[in-house]
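# Summary of structural features
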Amino acid sequence: MTMKHPPPDNDGAYTHSDVPSDGTATYSNMGDEIREQQLARWDQERRNMIQDGDVRGGLLIDFDYATLLDQSLPVVPGDRTVSSSPSFAYVAHHLSGYNTIHVIQDSF
Amino acid sequence: MSSKILSNFKKDTAIHTANDDIELLIYVLVWTCVLYAGPCTVRQDKQITETALKPWVTVCSPNDAVSLGVLKSGLRYQPSIVTDNFTPFFRCLCPVVEKLLAALGSTRWSATDPLPNYKTIRNILLEGFGTVEEIPNWSPRKDVPGYGLLKFERKRKLPSYATSGYDGDSSRSVCTRYR
């Protein structure tokens, strides 16, 4: 077996960009797939627990920024978030009612 | 604040980005694990200034802020500075927090694109969700100092005339009578 890509960092995660285009890293691909499957299974378990009311899902960060601050402001140094990732932008644009909260919870 | 914001505090040039929010999420988790004895219960045995988080709340000058930035950056390589202070209830989260902090110092941590960072952190949290085992049969009795149960025990040793007429198991009743 040929391994062309470097070993993972201690978080153990490869990204798809780490995998060579010729698909030679079979061992690691398998490890990747297994890990992805595990993560997907745990994510589903988490969603089920939220749905059953066993745990609560929520958004811990950026809530205030998304709801209270004017997102159209130019870049401001200091204590305001800019260049929010898509999930946060989603909150800013769609925060209205239970369905959105539910989606946010699902997006973890 | 993130280590980047703190480290650039004196220059006043740092831009707060989503990457900083992702980093802050880890510090919120650290804060909880150090200062809470369990769900909804702040630890009773130590003040925050008696823990490793003292520098987090004693910033009085720009120099302090920069020092705190350096300290937070160092957690990526020496997470035990904070994880050694976790209360017993949260000690099972040490490996997860160590991974989260290490991810901040990973070569794959992007300084510009928060999305892959978000996915990395999310996957570590998911892995923790799937693998962390809680302490079996947990009760506050397993963290007597953290829950302040020693103080309760001392209060129960009041003379009997002081507690007569009250539920002997309720130290709160004793306190109420003496107010």
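Figured I'd write up the structure that's included with this text. Keep in mind that what you see is a predicted model, and the values were worked out from it rather than measured. Counting restarts for each chain, with residues numbered from 1 along the sequence as it is written. As they are written, the chains are lettered A onward and the ligands numbered 1 onward, keeping that order. Per-residue local features are limited, in this predicted model, to residues with pLDDT of at least 70; the limit for side-chain atom pairs, both in listing and counting, is 80 or more; totals at the level of whole chains, interfaces and linings are taken over all residues.

## Quick notes on the overall build of chain B
Note the cut-off: Only DSSP runs of H or I covering at least 4 residues are called helices, and only runs of E covering at least 2 are called strands; the numbering of each starts at the N terminus. With C-beta atoms placed from the backbone, a residue is labelled by how many other C-beta atoms lie within 10 Å of its own: buried for 20 or more, exposed for 12 or fewer, partly exposed between the two. We call two residues in contact when their backbone-placed C-beta atoms lie within 7 Å.
Along chain B, the regular secondary structure elements total 10 helices and 2 strands. Of the regular secondary structure in chain B, the N- to C-terminal order runs α-α-β-β-α-α-α-α-α-α-α-α. Of all 179 residues assigned to chain B, the portion counted as buried reaches 28%. A fraction of 57% describes how many contacts in chain B between residues 6 or more apart in sequence connect residues 24 or more apart.

## A few points about helix 4 (residues 62-74) of chain B
Structurally, the α-helix is built with 3.6 residues per turn, so residues lying three or four positions apart point the same way. All names here are of chain B. Basically, it comes down to this: Here the expected length of a helix is defined as 1.5 Å per residue gap, with one fewer gap than residues. What the arc covers is the set of directions going from the helix axis to the C-beta atoms.
Between its first and last C-alpha, helix 4 extends 19 Å over 13 residues, near the 18 Å set by a 1.5 Å rise per residue. All of the buried residues along helix 4 are L68, G69 and K72. Buried residues of helix 4 fall within an arc of 105° about the axis and therefore sit on the same side. Away from the buried face of helix 4 by more than 90 degrees, exposed residues N63 and V70 are located. Looking at the buried side of helix 4, the elements it contacts are helix 1 (3-7) and helix 3 (54-57).

## Digging into the nonpolar core
All names here are of chain B. In plain terms, the rule: Here a nonpolar core is just a set of buried residues of the types Ala, Val, Leu, Ile, Met, Phe, Trp, Tyr and Cys, joined wherever their C-beta atoms sit within 7 Å.
Counting 23 residues, the largest nonpolar core has V30, C33, V97, L100, L101, A103 and I121 as the members making the most contacts within it. Elements with a minimum of two residues in this core: helix 2 (18-35), helix 6 (94-104) and helix 7 (114-131). Ranked by size, the runner-up nonpolar core spans 5 residues in total, among them M1, L6, F9 and L68.

## Some points on unusual backbone geometry
Residues and elements named next belong to chain B. The residue C40 is not glycine, and still its phi comes out positive at about 65°. Mapped onto the elements of the fold, C40 is located in the loop between strand 1 (36-38) and strand 2 (41-42). On the neighbour-count criterion, C40 (6 C-beta atoms within 10 Å) is exposed. Not every positive phi belongs to a glycine, and N137 is a case in point at roughly 55°. A residue is classified by how many C-beta atoms lie within 10 Å of it, and N137, with 7 of them, is exposed.

## Re the packing of helix 2 of chain B against helix 7 of chain B
Residues and elements named next belong to chain B. The test is simple: Structural elements are reduced to axes, namely lines fitted to C-alpha atoms, with helices fitted over the stretch in contact, and the angle between N-to-C directions of any two is expressed from 0 to 180 degrees. Working rule for angles: under 35 degrees goes down as roughly parallel, over 145 as roughly antiparallel, 65 to 115 as roughly perpendicular, anything else as oblique. Note on convention: near helix rotated counterclockwise from far helix by under a right angle means a left-handed crossing. Clockwise means right-handed. Basically, the charged four are Asp, Glu, Lys and Arg, the nonpolar ten are Ala, Val, Leu, Ile, Met, Phe, Trp, Tyr, Cys and Pro, and anything else, Gly included, counts as polar.
It is the contact of helix 2 with helix 7, at a shortest axis distance of 9 Å, that shows an interaxial angle of 15°. If you check the angle between helix 2 and helix 7, you find them roughly parallel. Considering the relative orientation of helix 2 and helix 7, their crossing is left-handed. Side by side, helix 2 and helix 7 meet where A18, N19, I22 and L25 of the first sit next to P114, N117, Y118 and I121 of the second. Residues that form the contact of helix 2 with helix 7 fall into these classes: 6 nonpolar, 2 polar and no charged.

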